[in-house]
Amino acid sequence: QKLLEDAILNVEEWLINKVASKFARAENNAFIVGDGVGMPRGIIAYPTATTDDATRNWGVLQYVPTGVAGGFAATNPADVLHTLSNKLKVGYHPEATWIMPRGVADTIRKFKENTTNAYIWQPGLQEGRPATLLGFPVVLGEDMPTLASGSLSVAFGNFREGYTIVDRTGLSVLRDPYTGAPFIKFRCIKRTGGDVVNFEAIKLLSFSVS
């Protein structure tokens, strides 16, 4: 109580900002890998199959294997990225985005076309412009799985169409000066959820043989 009253810094505001930042990191992780129990269900928490949209069951995301466990093919490694992007229906392409961890991005940055020897990764040279891969923007998502055998480390799709976030705006903060007197307790609650709603709009790359 004395610290809150006497500190030059607004301790309460600082604390709430720190909690909000922690919540944001937890949400980002849950939107990727959450199991849906007391948290959003992440995009890689669903069953996956190689079957196309016309025959795949609802609730199952399509993946494309790289042909190598834990890596890309030694010959023409970028071909699988073309295959993955072409699995997404054209109607979803205008707002399609890649999501991958930094380690995978570092590998893909070095891929070149066979004919022109040009890099397929194009860095964003202007402020506010993301890097692009095969013409689509790239988001570095550190919550995506690290590269390993069978990992689903790259996602491609129209996430605005494919994934819905339900979010109660802001934190609910309860200041409790009684329970732990003379200490002040702050109880912070953030209500949010997330789920894949369109299983055609998101595709995954599996670092597996098949």
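On a predicted model such as this, the values are computed, not experimentally measured, just so you know.

About the criteria used
- Residues numbered from 1 in each chain as written.
- Predicted model: local features only at pLDDT ≥ 70, side-chain atom pairs only at ≥ 80, totals over all residues.
- Heavy atoms only, no water.
- Helix = DSSP H or I, 4+ residues; strand = E, 2+ residues; numbered from the N terminus.
- Phe/Tyr/Trp six-rings, centres within 6.5 Å; stacked < 30°, edge-to-face > 60°.
- Buried < 20%, exposed > 50% of the residue type's maximum accessible area, 1.4 Å probe, protein only.
- Lys NZ or Arg CZ within 6 Å of the ring centre and 35° of its normal.

Novice: A description of unusual backbone geometry should follow, citing residues and the corresponding values.
Specialist: Most peptide bonds are trans, and most residues other than glycine sit at a negative phi. A cis amide bond, omega 10°, links Ala181 with the succeeding residue Pro182. Topologically, Pro182 is positioned in the loop between β9 (172-176) and β10 (185-189). Positioned with a positive phi, Asn117 is a non-glycine residue whose angle comes to about 60°. Note on placement: Asn117 falls in the loop between α4 (102-108) and β4 (121-122). You will see that Leu134, though not glycine, has its phi angle at about 55°, which is positive. Relative to the helices and strands, Leu134 resides in the loop between β5 (132-133) and β6 (136-140).

Novice: So, the packing of aromatic side chains: which residues are in play, and what are the values?
Specialist: Going through the model one piece at a time under the given rule, you end up with 7 aromatic pairs. With a centroid separation of 5.9 Å and an interplanar angle of 70°, the aromatic rings of Phe31 and Tyr163 are classed as edge-to-face. Of the two residues, Phe31 is situated in helix α2 (residues 11-33) and Tyr163 in strand β8 (residues 163-167); the sequence distance between them amounts to 132 residues. There is no split in this pair, since Phe31 and Tyr163 are both buried. Taking the centre distance of 5.0 Å and the plane angle of 85° together, the rings of Phe72 and Phe207 count as edge-to-face. Here Phe72, found in the loop between β2 (61-65) and α3 (79-87), pairs with Phe207, found in the segment after β12 (202-206); they are 135 residues apart in sequence, far enough to count as distant. Phe72 sits in the buried class, given a relative accessible area of 13%. Put simply, the rings of Tyr46, Trp58 and Phe199 pair up and form one aromatic cluster. Above the face of the Tyr46 ring, Arg41 is positioned so that its terminal group lies 4.0 Å from the ring centre.

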